[in-house]
Amino acid sequence: GNFTHAIVRGIPASLVQEALRSSLCQVDLVKAQHQLQLHIGTLKDELGLQVVELPADESLPDCVFVEDCAVVCGDTALITRPGAPSRRKETKAMKSALQELNFKIVEMKDDTATLDGGDVLFTGREFFVGLSKRTNHRGIEILAGAFKDYPVSTLPVFEGLHLKSFCSMAGPDLIAFGSSEPAQKTLKILQQTGDHHYKTLILPDDAAANCVFMNLSGKGQVLLHCTPEEYPNSAKVFERLTDHLLFPVPNSEMSKVDGGLSCCSVLI
Ligand code: CIR
C-alpha cells in the first residue's frame, strides 16, 4: 500500500525475561533497542514516514510487537483481541493512537474471538488469515465483517507462531514464502484458495520471508528485508530484486522471541 505513517512502540526491559517465546535464546536488550532504532530510523529518515512512537509499558513484555494489535485497511482500524491473554492490554494504546489519526475503529469485543495481526496477510486484493495458535475462526469472522469490501480466506498454519512467521508481501501481487515443508503446504493452499494467482518469491529461510513492502509516492517500491549477517542465502534472493529500493534491517534480537520484521510497526 501507499503509506504515510507508522505506529511503533518501545521495548520494555521486561521483554528479556517475560516475553512469550518458543526458544531459550537470551535477548540482548541494548542490542534489541539499537536494532529497533535502526528500523525506526529507516522508516523516518530514509522513507520519510511520520512515525508515532508509543512508550514501552513494563507490565506488557511483548508490547513492541504492535502489528498484532491492529489491522488497518482503508479508513477502518480493527483493534484485535490478541490470542495470548498476557497481551490483551496492549491494544489500549494502539486504539488511542488510531483514534487520534481519525480511523474508524472496530473493536473485537467478543470474548470467544482471538486474532493477532501477525496472522493477517493483505495482498491489496484480498485477505488471507492464518488459523493458528493465536487466531481462531470467530476472530477471522469478525475481521471479515470489518472489511466487507474484500474477500477473506482462512489458511492453516501448520508450524510456527503466525501465518506471517513464514510469508509476507514482497511486491505488487508478489508473495514471499519460506521454503520449509509446512510453509510450502500453506502456500499451495493459498494458491488454490485465492481470487488471484500470485507470483512468489521463495526464501531459503522461513523467518526471512517476513519482510516489509511499501509502494511509496516519490520512492517507488520499497522493501525492508533480512540482513546478510542473519540470513546470507535469503539476503541474496532479495538482492536480486532490481525493481525495489532495498533496506536490510537487523532483527536478530526480536527473532529470539518469535518477532519478525513486520511485527514492529503498523503501517498506515
Ligand atoms: C509473542 O509470542 O506474542 C511475541 N513474543 C512475538 C510476537 C510476534 N508478532 C509478530 O510477528 N506479528
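Residues numbered from 1 in each chain as written. Predicted model: local features only at pLDDT ≥ 70, side-chain atom pairs only at ≥ 80, totals over all residues. Heavy atoms only, no water.

Draft legend 1. Here's a closer look at the site of the ligand. Around the ligand, the structure places 15 residues, and the nearest of them are L20, E67, R87, R134 and V257. Take R87: an N or O atom from its side chain is 2.8 Å from an oxygen atom of the ligand. One of the side-chain N or O atoms of R134 is found 2.7 Å from an oxygen atom in the ligand. Across the complex, the protein chains shield 97% of the 340 Å² of accessible surface that the ligand would expose by itself. Its atoms largely coinciding with the cavity grid, the ligand occupies the second largest pocket. (Near = heavy atom within 4 Å. Polar contact = N/O pair within 3.5 Å; in protein donor to acceptor, adjacent residues only side chain to side chain. Areas by Shrake-Rupley, 256 points an atom, 1.4 Å probe, with all protein chains shown as cover. 1 Å grid on protein atoms, 1.4 Å probe; cavity = no way out; pocket = protein on both sides within 12 Å on 5 of 7 lines; lining within 4 Å. Sits in = over half its atoms within 2 Å of the grid points.)

Draft legend 2. Broad picture of the layout of surface pockets. Here the second largest pocket is characterised by a volume of approximately 630 Å³. When its residues are assigned to classes, the lining of the second largest pocket shows 14 nonpolar, 13 polar and 12 charged. (Points joined across faces, edges and corners; volume = space filled by probe spheres on them. Nonpolar A, V, L, I, M, F, W, Y, C, P; charged D, E, K, R; others polar.)

Draft legend 3. Examining empty space enclosed by the protein more closely. Scanning the model with the defined rule gives 1 cavity of 30 Å³ or more in all. The space that makes up the largest cavity amounts to roughly 50 Å³. Around the largest cavity sit Q35, L36, H39, V249, P250, N251, M254, L261 and C264, which together line it. The element best represented in the lining of the largest cavity is helix 2 (residues 29-46), accounting for 3 residues. In terms of residue class, the lining of the largest cavity is made up of 6 nonpolar, 3 polar and no charged. (Helix = DSSP H or I, 4+ residues; strand = E, 2+ residues; numbered from the N terminus.)

Draft legend 4. Seen up close, the side chain of H244. Within the secondary structure, H244 is located in the loop between helix 6 (232-239) and strand 14 (245-248). Take H244: its relative accessible area is 12%, and that puts it in the buried class. The residues touching H244, leaving out its near neighbours within four places in the chain, are A170, G171, F213, Q221 and L223. (Buried < 20%, exposed > 50% of the residue type's maximum accessible area, 1.4 Å probe, protein only. Contact = heavy atoms within 4.5 Å.)

Draft legend 5. Examining unusual backbone geometry more closely. In this structure, D173 takes a positive phi of about 60° despite not being glycine. Position of D173 relative to the elements: it lies in the loop between strand 9 (167-171) and strand 10 (174-178). Take D173: its relative accessible area is 18%, and that puts it in the buried class. Look at D258: it is not a glycine, yet its phi comes out positive at around 70°. Mapped onto the secondary structure, D258 falls in the loop between helix 7 (252-255) and strand 15 (266-267). Residue D258 is classed as partly exposed on the basis of its relative accessible area of 28%.

Draft legend 6. Main features of the sheet that holds strand 11 (residues 199-203). One open sheet holds the 3 strands; their spatial order is 9-10-11, and the pairing between them is mixed. At either margin of the open sheet sits one strand with a lone partner, and together these are strand 9 and strand 11. Taken over all neighbouring pairs, the strand axes of this sheet differ in orientation by 35° on average, direction set aside. Here strand 10 runs beside strand 11; their pairing, made up of 5 bridges, is parallel. From the neighbouring strand, F177 faces strand 11, where its bridge partner is I202. (Pairing = 2+ DSSP bridges. Axes fitted to C-alpha atoms, helices over the stretch in contact; angles between N-to-C directions.)

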